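Summary of the model geometry
Chain by chain, the residues:
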Amino acid sequence: MNKTRKNDLIMFFCGAVVFLLLHALMETEIIGPFWQLNIILACINIILAVSLNLINGFTGQFSIGHAGFMAIGAYVSAIMTVKQGLPFIIAILAAFIAAAALGFVIGVPTLRLSGDYLAIATLGLSEIIRVCILNTPYVGGASGFMGIPHLTNFPWAFGLMFLTVYLIKNIVNSAHGRALIAVRENELAAETMGIDAAKYKTLAFTIGAGFAGLGGALFSHYFYLAHPSSFTFMRSFDILTMVVLGGLGSISGSIIGAVILVFVSAALADFPEWRMIIYAVTLIVLMIFRPQGLLGNKELSEKMLGLLRKGGIRRDAA
Amino acid sequence: MLLKTDALSIKFGGLTALDDLNLKIHSGELVGLIGPNGAGKTTVFNLLTGVYSPSGGNIFLSGKSLKGLKPFQVTQSGIARTFQNIRLFSELSVLDNVKIAHNYHLSCSLAESVLRAGRYFPEEEDVERESAKLLEIFNLKDKMHETAKNLPYGEQRRLEIARALATRPSLLLLDEPAAGMNPQETNDLTKMIRWIRGEFALTVLLIEHDMRLVMDLCERIYVLEYGITIAQGAPEKIRRDPRVIEAYLGEEVPDAPH
Ligand SMILES: Nc1ncnc2c1ncn2[C@@H]1O[C@H](COP(=O)(O)OP(=O)(O)OP(=O)(O)O)[C@@H](O)[C@H]1O
Ligand SMILES: [Mg+2]
């Protein structure tokens, strides 16, 4: 059995252990409804952060429009379950496909832009999506889409989170992932290696958008409601903060970033006005002391191996 | 004939950076492109690889026009290059730099990659093995896992050539491969270029300021000045050409070592 397969098995095993542990704690109500809510939110945010990281961290395209794709997923899935009476799994798939398709359509023209221009374009497009929803009576317009069944539970949230992380990790660790990283590192050099940079940027954008849609589906089916105000620029900024906090180009970093921020805002639930201040201060401190994010572009396993090795050297020296 | 340019030219605003260039390079040749600073040599490479599109003329590789192709398509049709100011994936490992260059030959689909099924594992193993083999040839195998930017300058240049070869080109373009190298390194490089040409059945076009290297290595030379081809031919002929001597400001064009 080779190393990659072994790592996959370890990952599945750890995932199962964490799942069963949390599930048991929830069933026995040791974890109450408040923390249960936050754990599910953390799962959704991990999906959003890891998928944004594929675009921003691994492919180096600065997108701040993730909330728009999340909104598409939230509303499309709600249409499926509420208006069409279809099962949740179909709604989730539809959310993924719709968001990915829109990501593709938007990506093809926008990804010619780079840096700040791309950031502004994606921001603008996500606002356009929101305003369109706001003015569509079919989905409730400004009062939001109500009466969505509460179908998202912990197994769904954790399962889809795990699937997202696993699939995106596999993309990143394949030849396709190397192409994305090459585009990030040096676009001209990547092209000189025979890599179609435009194609790979669009690919990352499409897949990232699709998973954001999936996160949106879980979101709207947890809160009974999809409201345009849930998908403003602040949401995109939230997700971006998680990615930058954990480290651009680190999947485990995004997971850690998402978990930290969900629990920081949970802890500050009674002082909502403090939340944004804490976010801003966190980011400023991070930019000064650790601009590459908590994990840089390394994965947690590499970090731990590195620490062990360093420890070993120190022991040798002593 | 492997490469042919037909009255190739490019203007940047009012500046004609290259005018009426007619290269003819046969399969297996080792050809030099020289000229003073700003003569338009790198511009020729940028035109050949689709980085710039010509204002006039055309480029043919094995008889097929390269007009309108993007850089990645040019690479896929068999031209690889290095850059005057090295363009490695500097934050990535030496091994990953070479692995990326194998990419367009791979057939593993996205679905197979995502599910780690089908061709995924066999192909990953192939790429890993091929890349390590190439690095061994270039004496970089020990440094496989180092970050590319941490290599000494000479090794970065070598890695860039190794990476270019991993795309399996028929024509290799080298832009000042000996720049910044000491005489010993330059000697080794000369030997290496000669050797890889045979080993990989390559045709090489190289830009170089180091006259010894050019005269020693190249079978034919094109000389540019202000975008105009002022001479072409065998090294002995170029060395005696009055216009070339003048272009180099009376600088002695040194003899090749024997
Ligand atoms: N993108 C560009 N826009 C405008 N002018 C350019 C551009 N690229 C090259 N030039 C000009 O074309 C001329 C030729 O440049 P080029 O880089 O090809 O010279 P070179 O022969 O490679 O010189 P060197 O030996 O210094 O590398 C120069 O005058 C340069 O300023
Ligand atoms: Mg040059």
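Residues numbered from 1 in each chain as written. Chains lettered and ligands numbered in written order. Predicted model: local features only at pLDDT ≥ 70, side-chain atom pairs only at ≥ 80, totals over all residues. Heavy atoms only, no water.

1. Points about the pairing of strand β5 (residues 56-61) of chain B
Residues and elements named next belong to chain B. Bridging between strand β1 (residues 3-12) and β5 involves five bridges; their strand directions are antiparallel. By the bridge assignment, Leu3 is partnered in β5 with Leu61. Linking β5 to strand β6 (residues 64-65), which pair antiparallel, is a turn of two residues; within it Ser62 sits at a positive phi near 45 degrees. (Pairing = 2+ DSSP bridges. Helix = DSSP H or I, 4+ residues; strand = E, 2+ residues; numbered from the N terminus.)

2. Some words on the nonpolar core
In this structure, A:Ile195, B:Phe138, B:Leu159, B:Ile161, B:Leu172 and B:Leu206 are the most contacted members of the largest nonpolar core, which totals 143 residues. If you tally residues by element for this core, the top one is helix α2 (residues 33-58) of chain A, at 13 residues. In terms of domain composition, this core takes at least three residues from each of domain 1 (1-78 + 169-258) and domain 2 (89-159) of chain B. Here B:Leu159 is in contact with B:Leu88, B:Val94, B:Asn97, B:Val98, B:Leu135, B:Leu140, B:Ala148 and B:Leu151, once residues within four sequence places are set aside. Grouped together as the second largest cluster of nonpolar side chains are 27 residues, B:Leu8, B:Leu23, B:Leu33 and B:Tyr222 included. (Core = buried A, V, L, I, M, F, W, Y, C linked by side-chain atoms within 4.5 Å. Buried < 20%, exposed > 50% of the residue type's maximum accessible area, 1.4 Å probe, protein only. Domains from an automatic or database assignment. Contact = heavy atoms within 4.5 Å.)

3. A closer look at the domain arrangement of chain B
Residue and element names in this part refer to chain B. Partitioning chain B into structural domains gives domain 1 (1-78 + 169-258) and domain 2 (89-159). Relative to domain 2, the C-alpha centre of domain 1 lies at a distance of 28 Å. With 13 residues of domain 1 in contact, the opposing surface of domain 2 contributes eight residues. Taken together, both faces of the contact between domain 1 and domain 2 bury some 790 Å²; the carbon and sulfur share is 74%. Of all the secondary-structure elements, those providing two or more residues to the side of domain 1 that touches domain 2 are α2 (71-76) and α7 (183-199). Ranked by residues supplied to the side of domain 1 that touches domain 2, first place goes to α7 with four residues. The class makeup of the residues in the side of domain 1 that touches domain 2 is seven nonpolar, three polar and three charged. (Buried area = accessible area lost by both parts, 1.4 Å probe. Nonpolar A, V, L, I, M, F, W, Y, C, P; charged D, E, K, R; others polar.)

4. Points about the environment of A:Leu52
Residues and elements named next belong to chain A. You can see Leu52 is positioned in helix α2. Placed 190 residues apart in sequence, Leu52 and Met242 show a C-alpha to C-alpha distance of 9.7 Å. Leaving out residues up to four positions away in the same chain, Leu52 has contacts with Gly57, Ser63, His66, Ile239, Leu240 and Val243.

5. Things to note about the pairing of strand β10 (residues 220-225) of chain B
All names here are of chain B. Where burial is concerned, most of β10 is hidden: five out of the six residues are buried. As judged from the five bridges shared by β10 and strand β11 (residues 228-233), these two strands associate in the antiparallel manner. The residue of β11 that forms the bridge with Ile221 is Gly233. Two successive antiparallel strands, β10 and β11, enclose a turn made up of two residues, where Tyr226 displays a positive phi of approximately 45 degrees.

6. Describing unusual backbone geometry
Residues apart from glycine generally show negative phi values, whereas peptide bonds are mostly found in trans. All names here are of chain B. For Asp20, which is not glycine, the phi torsion reads 50 degrees and is therefore positive. By the element assignment, Asp20 lies in strand β2 (residues 15-21). Take Asp20: its relative accessible area is 43%, and that puts it in the partly exposed class.

7. Regarding the coordination of the magnesium ion (ligand 2)
Protein coordination of the magnesium ion (ligand 2) is provided by B:Thr42 (OG1) and B:Gln84 (OE1), with donor distances spanning 1.9 to 2.1 Å. Of the two residues, B:Thr42 sits in helix α1 (residues 41-48) while B:Gln84 sits in the loop between β7 (79-81) and α3 (94-101), which places them 42 residues apart along the sequence. (Donors = N, O, S within 2.8 Å, 3.2 Å for Na, K, Ca; no water.)

8. Structural notes on the layout of surface pockets
All names here are of chain A. Taken as a whole, the second largest pocket encloses approximately 400 Å³ of empty space. Residue assignment for the lining of the second largest pocket shows that the elements contributing at least two residues are α2, α10 (233-246), α11 (251-267) and α12 (272-289). Ranked by residue count, the leading element in the lining of the second largest pocket is α2, at five residues. The residue makeup of the lining of the second largest pocket, split by class, is 13 nonpolar, six polar and three charged. (1 Å grid on protein atoms, 1.4 Å probe; cavity = no way out; pocket = protein on both sides within 12 Å on 5 of 7 lines; lining within 4 Å. Points joined across faces, edges and corners; volume = space filled by probe spheres on them.)

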